[in-house]
Amino acid sequence: MYLLDIDGEKKLENQIEILTDDFTKVWTMLLLSDKEKLMEHKDLFLPNDVLSLQFECFFTTGITLKETEEIGKKCASPQNGSLSKEKTLCNITKSLKDDLKDLYIDGILSDFKLCSPTETFSVHKSILSARSPVFRAMLTHETKEKSSNKVEISDVDSDTLRRMILYMYTDVLEETHWEDVSKLYIAADKYEIPALRSQCSSILKNELDSINACRILILADIHQDLDLKQFVQDFILKSGVDVISSKEWQPLMENNLKLAADTMRQNWVKMYK
């Protein structure tokens, strides 16, 4: 902005005119002191006969507040990537899981670490304890993990551990391949997170086919998941030759003969019921 003049003959002595950079608009503004008083204190206000003025200006568009509310969507952002002239209120509909996710992602007040072989995650003892009886026992008894504020998890890879942590904070399970879900299923069972194990089981049922049926059957048997085991056995019997003649069935018979025999027995039991 540019100061036009402070000529007392052309206007009131306590007014100045200010011109915008693009020379399109002029404002007249009142000074707290008139020209006479400035001249009385020339040494203070006019050192070397140069007048310097500092202003703090506030302008209004006439709109004191504009509120934007969209349920279930992110807060509206200013147009053209710059701040809007009008104040915008973010809607206050963020859910608890959104807040907890931010707490985890930003590492705010984190007080514990989960260490995979390749990555370390900053987490919160209170969340772990609320979601997993295994972590609760670890953090409420005198253990080396409690005293060191970290736990080494050598049998869970970093991607699986990250997905498990995110679920503990948000109850959200990311979409992923069935093999990754199998790993997450194992971790959920180890740390006694039944809701996560149940969701993983549902995904495995939906992703079941003649190629992965034997591997998922073994997984269900190892973790004593009777519901998933029965579901896979029923699928195998319905699929018939597609699974029995597959290259995955032979290793199952060689290494898990009892499981293979039990699966085939299901067929005879159903036939003679």
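For the structure itself, look to the data block above.
Now for a quick tour of the structure. Computed from a predicted model, the values in this text were never measured in an experiment. (Residues numbered from 1 in each chain as written. Predicted model: local features only at pLDDT ≥ 70, side-chain atom pairs only at ≥ 80, totals over all residues. Heavy atoms only, no water.)

Bringing the overall build of the protein chain into the picture now. Looking only at helices and strands, one finds 14 helices and 8 strands in the protein chain. Looking at the protein chain as a whole, 29% of its 273 residues are labelled buried. The contacts in the protein chain between residues at least 6 apart in sequence include a share of 46% that link residues at least 24 apart. Carbon and sulfur atoms form 53% of the exposed surface of the protein chain, whose accessible area is close to 18,500 Å². (Helix = DSSP H or I, 4+ residues; strand = E, 2+ residues; numbered from the N terminus. Buried < 20%, exposed > 50% of the residue type's maximum accessible area, 1.4 Å probe, protein only. Contact = heavy atoms within 4.5 Å. Areas by Shrake-Rupley, 256 points an atom, 1.4 Å probe, with all protein chains shown as cover.)

Bringing helix α5 (residues 133–140) into the picture now. For an α-helix the count is 3.6 residues per turn, leaving residues at separations of three or four pointing the same way. For α5, the complete set of buried residues consists of F135, M138 and L139. Take α5 and look down its axis: the buried residues cluster within an arc of 90 degrees, on one side only. Check the buried side of α5 and you find it contacts β6 (112–115), α4 (125–131), α6 (144–148), β8 (150–152) and α7 (158–170). (Arc of directions from axis to C-beta.)

Another point: the pattern of salt bridges. Inspection of every chain in the model, using the stated rule, returns 14 salt bridges. The shortest N-O distance in the salt bridge between E152 and K150 comes to 3.9 Å. A relative accessible area of 55% places E152 in the exposed class. Notably, a salt bridge pairs K229 with D262, separated by 3.9 Å at the nearest N-O pair. Of the two residues, K229 sits in helix α11 (residues 226–239) while D262 sits in helix α14 (residues 257–271), which places them 33 residues apart along the sequence. (Salt bridge = Lys/Arg side-chain N within 4 Å of Asp/Glu carboxyl O.)

Another aspect to go through is the nonpolar core. In terms of nonpolar packing, the biggest core is built from 47 residues, with L114, F135, M164, I165 and L196 touching the most fellow members. In terms of residue count, α7 provides more of this core than any other element does, 7 residues in total. If we skip the residues at most four places from it in the chain, F135 touches L114, L128, S129, V151, M164, M168 and Y191. (Core = buried A, V, L, I, M, F, W, Y, C linked by side-chain atoms within 4.5 Å.)

From the geometry alone we can't say anything about function, so treat these as descriptive.
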